[in-house]
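Read off the chains here:
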Amino acid sequence: PKPKGKQLKLYCPCWGRRVMRMILEMQCRALLHHYLLQLLLLILIKTYLVMNLLKDLQEDLGLTYLFISHNLAVVEHMADRVAVMYLGRIVEEAETTTLFRNPQHPYTQALLDSVLTPDPRLGLPNTQLGASYPNPIDPPTGCAFHPRCANAMAHCAQTAPDGLISKDAYVECHLYSDSMAAKAG
């Protein structure tokens, strides 16, 4: 005779899935949460170990990596130099410590300001970017970041900024091209 009611059938080849099956069948949420937290911790530990292994290999073998990520903490840990892109263009590039301590481009500043803190009382950061996103297929004229930039000037909408190289850094922003032109003139 078959048992009545819904049956949960999970065919799991690995022990992790077997444990998950037992948890689901027992309908034990506390155990499920504990198990999921342990899995998350293992993933974080493995990520940390892999990142450190990559750093060790880089130092020992003189390797160079092109590392692309949205995780700023990982970028800060892994990279010697950082290039920040907005709509497919590099808008700032500098040594990691320089870029994280003193970002020049308003988009880089907004990215760093958007990092969440562990203190929930601080709430969500206000990056002043608004809720609209430009179309990457048809980017805005002038500086592509001007519709979201708190420092945008009238000519930002008309003319794309020239890239400026100074002190081993690069920034593509009218804020700096205007100040450099004022110093030169």
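As the structure is a prediction and not an experimental result, all values here were calculated from the model.

Looking at the overall build of the chain
Right, so step 1: Of the regular secondary structure elements, the chain holds 6 helices and 4 strands.
Right, so step 2: Listing the helices and strands of the chain from first to last along the sequence gives α-α-α-β-β-α-α-β-β-α.
Right, so step 3: Looking at the chain residue by residue over its 185 residues, the buried ones come to 25%.
Right, so step 4: A fraction of 29% describes how many contacts in the chain between residues 6 or more apart in sequence connect residues 24 or more apart.
Right, so step 5: Counting every atom, the chain has about 14,000 Å² of accessible surface; 60% of that belongs to carbon and sulfur.

Quick look at the environment of Arg81
Right, so step 1: Here Arg81 shows up in strand β1 (residues 81–86).
Right, so step 2: Other than its neighbours up to four places away in sequence, Arg81 contacts Glu93, Ala94, Glu95, Thr96, Asp168 and Ala169.
Right, so step 3: Of the polar contacts made by the side chain of Arg81, one reaches the backbone oxygen of Asp168; its length is 2.6 Å.

Re the pattern of salt bridges
Right, so step 1: By the definition in use, this model includes 2 salt bridges.
Right, so step 2: Between Glu93 and Arg81 there is a salt bridge, with its nearest N and O atoms 2.6 Å apart. Taken together, the residues span a long stretch of sequence, with Glu93 in strand β2 (residues 89–95) and Arg81 in strand β1 at a distance of 12 residues.
Right, so step 3: One salt bridge connects Arg89 with Glu172, and the closest N-O pair in it is separated by 2.9 Å. Highlighted residues: Arg89 in strand β2 and Glu172 in strand β4 (residues 169–172), separated in sequence by 83 residues.

So, the pairing of β1
Right, so step 1: Burial of β1 is one-sided: the residues Val82, Val84 and Tyr86 facing one way are buried, the residues Arg81, Ala83 and Met85 facing the other way are not.
Right, so step 2: In this sheet, β2 lies alongside β1 in antiparallel orientation, the contact comprising 6 bridges. Bridging across to β2, Met85 finds its partner in Ile90.
Right, so step 3: Counting the residues in the hairpin turn of β1 and β2 gives 2 residues, including Leu87, whose phi is positive at 50 degrees.

Side note on a nonpolar patch on the surface
Right, so step 1: A cluster of nonpolar side chains, contributed by Leu53, Leu57, Leu61, Leu63, Tyr65 and Phe67, occupies part of the molecular surface with about 520 Å² of accessible area.
Right, so step 2: Tracing the sequence through the fold places Leu53 in helix α2 (residues 29–61).

Considerations on the nonpolar core
Right, so step 1: Val82, Val84, Tyr86, Leu99, Phe100, Tyr107 and Phe145 are the most contacted members of the largest nonpolar core, which totals 18 residues.
Right, so step 2: For this core, the elements supplying multiple residues, two or more each, are β1, β2, α4 (96–101) and α5 (106–113).
Right, so step 3: Sequence-distant contacts of Phe100, that is, excluding residues within four places in its chain, are made with Leu72, Val75, Glu76, Val82 and Leu112.

Quick notes on the confidence of the model for the chain
Atom-level detail of predicted coordinates should not be read off regions where pLDDT is low.
Right, so step 1: The share of residues in the chain with pLDDT of 70 or more is 75%, and the mean pLDDT across the chain is 78.
Right, so step 2: Here residues 5–13 is modelled with pLDDT under 50, and outside its nearest four sequence neighbours on either side it reaches 8 contacts, counting other chains as well.
Right, so step 3: In this model, residues 180–185 is a region of pLDDT below 50 whose contacts with residues beyond four sequence positions or in other chains number 1 contact.

Regarding the packing of aromatic side chains
Right, so step 1: By the definition in use, this model includes 3 aromatic pairs.
Right, so step 2: Aromatic side chains Tyr107 and Phe145 sit 5.5 Å apart centroid to centroid with 65 degrees between the ring planes, which places their arrangement in the edge-to-face category. Pair noted here: Tyr107 is in helix α5 and Phe145 is in the loop between α5 and β3 (163–166), with a separation of 38 residues, a long-range link.
Right, so step 3: You can call Phe145 buried: its relative accessible area is 3%.

How each quantity is defined
- Residues numbered from 1 in each chain as written.
- Predicted model: local features only at pLDDT ≥ 70, side-chain atom pairs only at ≥ 80, totals over all residues.
- Heavy atoms only, no water.
- Helix = DSSP H or I, 4+ residues; strand = E, 2+ residues; numbered from the N terminus.
- Buried < 20%, exposed > 50% of the residue type's maximum accessible area, 1.4 Å probe, protein only.
- Contact = heavy atoms within 4.5 Å.
- Areas by Shrake-Rupley, 256 points an atom, 1.4 Å probe, with all protein chains shown as cover.
- Polar contact = N/O pair within 3.5 Å; in protein donor to acceptor, adjacent residues only side chain to side chain.
- Salt bridge = Lys/Arg side-chain N within 4 Å of Asp/Glu carboxyl O.
- Pairing = 2+ DSSP bridges.
- Patch = residues over 30% accessible without salt bridge, like charges linked within 9 Å, V, L, I, M, F, W, Y side chains within 5 Å.
- Core = buried A, V, L, I, M, F, W, Y, C linked by side-chain atoms within 4.5 Å.
- pLDDT = per-residue confidence, 0-100.
- Phe/Tyr/Trp six-rings, centres within 6.5 Å; stacked < 30°, edge-to-face > 60°.

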